[in-house]
Amino acid sequence: RKHSGRAAEHQRIGIMGGTFDPIHNGHLVAASEVAWVYDLDEVIFVPTGRPVFKLKQKVSNEEDRYLMTVIATASNPRFTVSRVDIDRPGVTYTIDTLRDIHDQYPAAELFFITGADAVAEILRWKDADRMWDLAHFVAVTRPGYSQLPDGDRLHHKVDTLEIPALAISSTDVRRRSANGEPVWYLVPDGVVQYINKHGLYR
Ligand code: ATP
Ligand code: MG
């Protein structure tokens, strides 16, 4: 496509799934670093619809999460945002995300990007066995979470990548916002402004 000039059948595309409530600089560094190391043409951020692991938890309106993701990624020519999970009814499963993106880019090689905490859940994901055919899996380091235990059978399936450590979580950004503490430089400026403008996390 437009940036690399790579032919469609050689496209390398990252998929960064998340609740993004809100998106923060840890997500952006993870995507940027994987894009660099794996020579990706594009990283598609995919805000979840109803996240399967957060069914009991209150999650912000999906349009707010989508728009904050658009704002945070707008300045990077290789970052895009997809609505596939938001627009699909029901609970979000990663296998459905992969199938939808695969249908949109049938010839591309896909790389699913996930943090060390989320990768531990992979085996519990719906149709885990069938995901390996659709994408490579790259697990990035995340402060506070250990990488896969030695001998874990996921080692054969999932690449591990050490990235610059940012001890930022959406949970902490929400908590800080609720307490009136600053979130500048933890999330992009436009996201701070969006949170304030719409009174999120009060
Ligand atoms: P919450 O605290 O609400 O769970 P979060 O910060 O974990 O939010 P998610 O939207 O749940 O953000 O995460 C999306 C993906 O980004 C997951 O794969 C997660 O592991 C990864 N991720 C989140 N924060 C970081 C970080 N600081 N460094 C590396 N990876 C991260
Ligand atoms: Mg999380």
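In this report, the structure presented in the accompanying data block is examined. Because the structure is a prediction, the values reported are computed rather than measured.

**Observations regarding the overall build of the protein chain**
- Along the protein chain, the regular secondary structure elements total 8 helices and 8 strands.
- What you see for the protein chain is a C-alpha radius of gyration of 16 Å, in line with the 17 Å of a compact globule of 202 residues.
- Referenced to the eigenvectors of the C-alpha coordinate spread, the extents of the protein chain come out at roughly 45 × 40 × 35 Å.
- Every one of the 202 residues in the protein chain was classed for burial, and the buried ones make up 34%.

**Examining the sheet that holds strand 8 (residues 158-161)**
- Within the open sheet, the 6 strands sit side by side as 4-2-1-6-7-8. Their pairing is parallel. A strand with exactly one partner marks an edge of an open sheet, and here the two such strands are strand 4 (79-81) and strand 8. Ignoring which end each strand starts from, the neighbouring axes of this sheet average 30 degrees apart.
- Here helix 1 (residues 25-37) sits on the sheet in contact with strand 1 (12-18), strand 2 (42-47), strand 4, strand 6 (109-115), strand 7 (136-140) and strand 8, set at roughly 160 degrees to strand 1.

**So, helix 2 (residues 62-73)**
- The end-to-end C-alpha distance of helix 2 is 17 Å, a good match for the 16 Å that 12 residues give at a rise of 1.5 Å each.
- For helix 2, every residue scored as buried is listed here: R65, Y66, M68, T69, A72 and T73. For helix 2, the buried positions fall inside an angular range of 165 degrees around the axis, keeping them on one side.
- Where the residues of helix 2 are buried, they touch helix 1, strand 2, strand 4, helix 3 (84-87) and helix 8 (189-198).

Rules of the game
Residues numbered from 1 in each chain as written. Chains lettered and ligands numbered in written order. Predicted model: local features only at pLDDT ≥ 70, side-chain atom pairs only at ≥ 80, totals over all residues. Helix = DSSP H or I, 4+ residues; strand = E, 2+ residues; numbered from the N terminus. Rg over C-alpha atoms; globule rule 2.2 N^0.38 Å. Buried ≥ 20, exposed ≤ 12 C-beta atoms within 10 Å, placed from the backbone. Pairing = 2+ DSSP bridges. Axes fitted to C-alpha atoms, helices over the stretch in contact; angles between N-to-C directions. Contact = placed C-beta atoms within 7 Å. Expected span 1.5 Å × (residues − 1). Arc of directions from axis to C-beta.

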